[in-house]
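Fold and contact review
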Amino acid sequence: MAGNRDHLTQADVDDALRVLPDWKYQDGLVTVYKTPTAAEALALIAAVGEIAEQQNHHPDLEWRYNRVHLRYVSHDAGGTVTPRDIAAAASVSEAAAGLGAAAQPERYPEP
Ligand SMILES: C[C@H](O)[C@H](O)[C@H]1CNC2=NC(N)=NC(=O)C2=N1
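The structure reproduced in this document is the subject of the present report. (Residues numbered from 1 in each chain as written. Predicted model: local features only at pLDDT ≥ 70, side-chain atom pairs only at ≥ 80, totals over all residues. Heavy atoms only, no water.)

1. Looking at the pattern of salt bridges
This model, assessed by the stated rule, comprises seven salt bridges. Where Lys24 meets Glu110, a salt bridge forms, and the shortest distance between an N and an O atom there is 3.8 Å. With a gap of 86 residues between them, Lys24 in strand β1 (residues 24-25) and Glu110 in the segment after β5 (102-103) connect regions that are remote in the sequence. A salt bridge links Asp60 to Arg71, with the nearest nitrogen and oxygen atoms 3.0 Å apart. Remark: Arg71 occurs in strand β4 (residues 67-72) and Asp60 occurs in strand β3 (residues 60-64); sequence separation between them is 11 residues. In this structure, a network of salt bridges that share partners links the residues Asp6, Asp76 and Arg84. (Salt bridge = Lys/Arg side-chain N within 4 Å of Asp/Glu carboxyl O. Helix = DSSP H or I, 4+ residues; strand = E, 2+ residues; numbered from the N terminus.)

2. Topic: the pairing of β3
Remember that side chains alternate between the two faces of the sheet whenever the strand is regular. Across five bridges, β3 lies against β4 in antiparallel orientation. Within β4, the residue paired with Trp63 across the bridge is Val68. Linking β3 to β4, which pair antiparallel, is a turn of two residues; within it Tyr65 sits at a positive phi near 55°. (Pairing = 2+ DSSP bridges.)

3. Brief notes about helix α1 (residues 10-17)
When α1 is considered as a whole, its buried residues turn out to be Val13, Ala16 and Leu17. The buried residues of α1 occupy one face: seen down the axis, they fall within an arc of 100°. (Buried < 20%, exposed > 50% of the residue type's maximum accessible area, 1.4 Å probe, protein only. Arc of directions from axis to C-beta.)

4. Points about the site of the ligand
Taken together, Asn56, His57, His58, Val73, Ser74, His75 and Asp76 are the residues near the ligand. Within the side chain of Asn56, a nitrogen or oxygen atom sits 2.6 Å from an oxygen atom of the ligand. Contact distances for the ligand include 2.8 Å between a nitrogen atom and a backbone N or O atom of Val73. Relative to its free-state accessible area of 400 Å², the ligand is covered by the protein chains to the extent of 61%. For the shell around the ligand, the per-class residue count stands at one nonpolar, five polar and one charged. (Near = heavy atom within 4 Å. Polar contact = N/O pair within 3.5 Å; in protein donor to acceptor, adjacent residues only side chain to side chain. Areas by Shrake-Rupley, 256 points an atom, 1.4 Å probe, with all protein chains shown as cover. Nonpolar A, V, L, I, M, F, W, Y, C, P; charged D, E, K, R; others polar.)

5. Details of the packing of aromatic side chains
Within this structure, the stated rule accounts for two aromatic pairs. Ring geometry for Trp23 and Tyr33: centres 6.3 Å apart, planes at 80°, overall edge-to-face. Taken together, the residues span a long stretch of sequence, with Trp23 in the loop between α1 and β1 and Tyr33 in strand β2 (residues 29-34) at a distance of 10 residues. Neither residue differs from the other here; Trp23 and Tyr33 are each classed as buried. (Phe/Tyr/Trp six-rings, centres within 6.5 Å; stacked < 30°, edge-to-face > 60°.)

Structure (structure tokens):
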């Protein structure tokens, strides 16, 4: 069944997050990146978009002036977290670091 395609257990996700300090689990992999200016937030958005197209794996993304909110789940696994989300988050973390963006996962809104 498509919905069960390779989703990770919570323990797997917790293990992966140990090396992904920019992110937290909240019904998906979520984070907020803060940049010095709105223009730099836009540059981060462009980088996230490029990664999404390269990996064919797309986040929910919200631009809030100098902050970018991101959430990764796998639609093809019923909205659960899969290795594709982990890989995308790792790529975004790398791009964000290169752009001088500060990770603030604690600021991602509670449901
Ligand atoms: C048809 C296209 O390849 C699929 O819809 C891709 C596109 N991007 C995607 N992004 C995410 N987050 N999950 C998916 O299952 C997914 N599937």
